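Summary of the model geometry
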Amino acid sequence: MRRSVLLRFLGLSLAVALGAVIATALIATYSTSEKLQGEIDANTGQLQVDGEIYGELSKYASDHPTWSGVDKVVHDLADRLGRRVAVTTEDGSVIADSARMLGAAPELPSVPAATIDARGGGIGKLGGTMTVYQLRKPVAVASGFAATAAVGPPFMPASDWGLTDDEIAQRNQLAKQAVKCLGTKGKSASVARSDGTVPQVMIESKQSVGGVAVNSTTTTKDECLPPGLYAPSAKAKLVNDDEVRRSTACLDAAGITYKINDFNGLRSVDPAVTEDAVDETFANCVTQARVQALTPYVAPPAKLYLGAKSTFNVFSGEGLLRTAATALGVLLIAALVMLFAGRRLVRPIVALTGAAQRMRNGDHAARVPVSGKDEVARLGHAFNDMAEAIQRHDFQRKAMVSDVAHELRTPLANIKGYLVASEDGVVPLDGALVTSLLEETALLEHLVADLQDLALADAGMLRLHPSERDLSELTQQVVSAHRPAAEAASVSLLSTASGPSPAIVDSARIRQALGNLVSNAIRYTPTGGRVLVGIRPVDNGYNLTVTDNGTGIAAEHLPHVFDRFYRADVSRTRTTGGSGLGLAITKHLVEAHQGHITVTSRPGSGSTFTIWIPA
């Protein structure tokens, strides 16, 4: 953990995540326990609640040809009864789900609570299958007939299914007329409405049970009741006719006898002989007829899933408060952890910032203390290395300015001295003086040219004009150009180049670089010494070597020989000549050709400079 900032942040994140998980688990456990206890207490009334949900949805299916719009009913039931209610098609596609939020919902139970099929009399398939005929077999009551089914589309003999608004208004008028008629006969009556819409005429009874008056409905045989009061709706009559037609066609084809009974305008197909056991073929014919007749008018079969309501609603008042308290606790813990760990992480960054500001203000000796081996520690080491390089380059810049001033001062002082002496008549202005002045001017010109080359190299503007040239030929040209200087110094200058050595180079710059090495070798080789210039092909290029048997270079000076104005001769006398820029320029010229230069030397035995140039 102490060696990587990444691992520190990872551990920090895991600690915060662990706190969040623990807090979430506590909320879930507490909420689930509360909900479970509530469900246990309410379990005794659960069957009644589920039956009410099933009845509401069955009524919706019988009153609508599709399930479109049932979503509102489902959510109202869930909110009112505290249950999760979901309706799906027979293939499992969700039609409505009270638990769905933002397009997502928990997984449905594995088994549906019931199947809502309004075509089969509205009775769900609960543990077995019964035919429509068996479920709607009528039983006699005081006022007529009623189906044994408690819920479902109010078909035979309930004739008020499918009433339109106009039909209901017409029945209301007929019910008022009936009440008025019964009143003239001394009977106290009133209008009651089934489901708040369908009117029924109720006669107040003088009998009572436990002190409570018992009312009874009127019968169709009462002369005060208009014929249309209990007549079936046009929709019910249409479906009933289609059902009877399909039933009789099926029974006729099967050769089964039957009889048709009429109940207040609706007909039913019954066995010709009343038996306790109904023939299976007869029952199937009647059932299929009912299903086919109802299909265009009721919603298709659907599966009903019931379950517990969400155990914890974060948007409820209690849930929101509990969630907010938990979130604040987690945030507080995370803030404390981040504050403790963040301070340790930020401390070295603050130190780096302070050191950088001191460097900006000119303190190039600014450094930061570093401990450890992590990313921040590596950043500290990199900063210190950068500061060291900046300080070194600043020192070199100042030294360079001093060296340039020194190199310019000597020839300028000589020129000025000769001119003043000539002006005073001390030295005659003859040819020898002019020649001396020209030599000093040549030194100044050479120094300025070297400085310009270095400036171009530093700016990346050193122009090359590469072309295919023979390096052996360039080597011979350099040797020929420096042979007079070598002969004047009594130094043997030889070339060991043999055979063509083609390469893409700027011939002028290569001659300049090689010429600087040969000039230095001649300068530092004593009388009778030897300088060898060679070329040898190596992997993907050539090695150009300049070897002398002169004084050599001490080991402590080798790393600095390519620095500007660097001389092994610390006295900086000009007896050996040179501006101290030749090797620095040579290094830049070689690197501009994508090559490199190295040196090996032993004091008293001479030196060897090697230039590698790619082919």
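Note that this is a predicted model, so its numbers are computed, not measured.

What counts and what doesn't
- Residues numbered from 1 in each chain as written.
- Predicted model: local features only at pLDDT ≥ 70, side-chain atom pairs only at ≥ 80, totals over all residues.
- Heavy atoms only, no water.
- Helix = DSSP H or I, 4+ residues; strand = E, 2+ residues; numbered from the N terminus.
- Buried < 20%, exposed > 50% of the residue type's maximum accessible area, 1.4 Å probe, protein only.
- Areas by Shrake-Rupley, 256 points an atom, 1.4 Å probe, with all protein chains shown as cover.
- Disulfide = S-S within 2.5 Å.
- Pairing = 2+ DSSP bridges.
- Axes fitted to C-alpha atoms, helices over the stretch in contact; angles between N-to-C directions.
- Parallel < 35°, antiparallel > 145°, perpendicular 65-115°, else oblique.
- Left-handed = near helix turned anticlockwise from the far one by under 90°.
- Contact = heavy atoms within 4.5 Å.
- Nonpolar A, V, L, I, M, F, W, Y, C, P; charged D, E, K, R; others polar.
- Salt bridge = Lys/Arg side-chain N within 4 Å of Asp/Glu carboxyl O.
- Phe/Tyr/Trp six-rings, centres within 6.5 Å; stacked < 30°, edge-to-face > 60°.
- pLDDT = per-residue confidence, 0-100.
- Patch = residues over 30% accessible without salt bridge, like charges linked within 9 Å, V, L, I, M, F, W, Y side chains within 5 Å.

Section: the overall build of the chain
A count of helical and extended segments in the chain gives 13 helices and 18 strands. With 615 residues in all, the chain has 35% of them scored as buried. Accessible area of the chain: about 35100 Å², with a carbon and sulfur share of 58%.

Considering the state of the cysteines
All chains considered together, the criterion is met by 2 disulfides. The side chain of Cys181 participates in a disulfide bridge whose partner is Cys224; the two sulfur atoms lie 2.0 Å from each other. The sign of the S-S torsion, about -60°, decides the handedness of the disulfide formed by Cys181 and Cys224: left-handed. Of this pair, Cys181 sits in helix α5 (residues 165-184) while Cys224 sits in the loop between β8 (212-217) and α6 (234-254), placing them 43 residues apart in sequence. Judged by relative accessible area, which is 23%, Cys181 ranks as partly exposed. Judged by its relative accessible area of 5%, Cys224 falls in the buried class. The disulfide partner of Cys250 is Cys285, and the S-S distance across this bridge is 2.0 Å. Its S-S torsion of about -55° marks the bond between Cys250 and Cys285 as left-handed, since a negative value means left-handed. Residue Cys250 is located in helix α6, and its partner Cys285 is located in helix α7 (residues 280-294); the two are separated by 35 residues in the primary sequence. Here Cys250 falls in the partly exposed class, since its relative accessible area comes to 30%. Note on Cys285: relative accessible area 4%, which makes it buried. For the chain, the bonded cysteines pair up as 1-2, 3-4 when numbered in the order they occur along the sequence.

Focus: the pairing of strand β2 (residues 94-97)
Where strand β1 (residues 83-88) lies against β2, 3 bridges are found, and the strand directions are antiparallel. Note that in β2 the partner of Ala86 across the bridge is Asp97. Here β1 hands over to β2 after 5 residues, with Gly92 in that stretch at a positive phi of 100°.

Remarks on the packing of helix α2 (residues 46-63) against helix α3 (residues 70-81)
Viewed as axis vectors pointing N to C, α2 and α3 meet at an angle of 165°, and their least axial separation amounts to 11 Å. As far as their axial angle goes, α3 and α2 are roughly antiparallel. By crossing handedness, the relation of α2 to α3 is classed as right-handed. Side by side, α2 and α3 meet where Val49, Glu52, Ile53, Glu56, Leu57 and Tyr60 of the first sit next to Val70, Val73, Val74, Leu77, Arg80 and Leu81 of the second. When its residues are assigned to classes, the contact of α2 with α3 shows 9 nonpolar, no polar and 3 charged.

Structural notes on the pattern of salt bridges
Evaluation of the coordinates by the stated rule reveals 14 salt bridges. For Asp63, the salt bridge identified is with Lys59, shortest N-O distance 2.9 Å. With Asp63 and Lys59 both in helix α2 and 4 residues apart, the pair spans about one turn of that helix. Across the pair Arg245 and Asp242 runs a salt bridge, and its minimum N-O distance is 2.5 Å. Of this pair, Arg245 and Asp242 both sit in helix α6, 3 residues apart, which is roughly one turn of that helix.

Let's talk about the sheet that holds strand β16 (residues 541-548)
Within the open sheet, the 5 strands sit side by side as β13-β15-β16-β18-β17. Their pairing is mixed. At either end of the open sheet lies a strand with only one pairing partner, and these are β13 (492-495) and β17 (596-602). Along the sheet, successive strands turn relative to each other by an average axial angle of 15°, direction set aside. In the sheet, strand β15 (residues 530-538) pairs with β16 via 8 bridges, with the strands oriented antiparallel. Along β16, the bridge assignment pairs Ile535 with Leu544. Helix α12 (residues 507-523) rests against β13, β15, β16, β17 and β18 (606-614) of the sheet, and its axis sits at about 25° to β16.

Regarding the packing of aromatic side chains
In the structure shown here, the tally under the stated rule is 2 aromatic pairs. Geometrically, the ring pair formed by Tyr60 and Trp67 is stacked, given 6.0 Å between the ring centres and 15° between the ring planes. Taken individually, Tyr60 and Trp67 each receive the classification buried, so the pair is uniform in this respect. Judged by centre distance (6.2 Å) and plane angle (90°), the rings of Phe562 and Phe609 are edge-to-face. Of this pair, Phe562 sits in the loop between β16 and α13 (582-592) while Phe609 is found in strand β18, placing the two residues 47 residues apart along the sequence. For the pair Phe562 and Phe609, a shared accessibility class is recorded, and that class is buried.

Focus on the confidence of the model for the chain
Predicted coordinates in regions of low pLDDT should not be interpreted in detail. Scored by pLDDT, the chain has a mean of 78; 79% of the residues are at 70 or more. With pLDDT under 50 throughout, residues 121-157 is counted as low confidence; its partners more than four residues away or in other chains account for 80 contacts.

Overview of the environment of Trp612
With respect to the secondary-structure elements, Trp612 resides in strand β18. Overall, the relative accessible area of 19% leaves Trp612 in the buried class. When sequence neighbours within four positions are dropped, the list of residues in contact with Trp612 reads Val538, Asp539, Asn540, Gly541, Tyr542, Asn543, Val590, Gln594, Gly595 and His596.

A short note on a nonpolar patch on the surface
Together, Leu18, Ile22 and Leu26 give the surface a local cluster of nonpolar side chains, amounting to about 310 Å² of exposed area. By the secondary structure assignment, Leu18 is in helix α1 (residues 5-42). With relative accessibility at 52%, the residue Leu18 sits in the exposed group.

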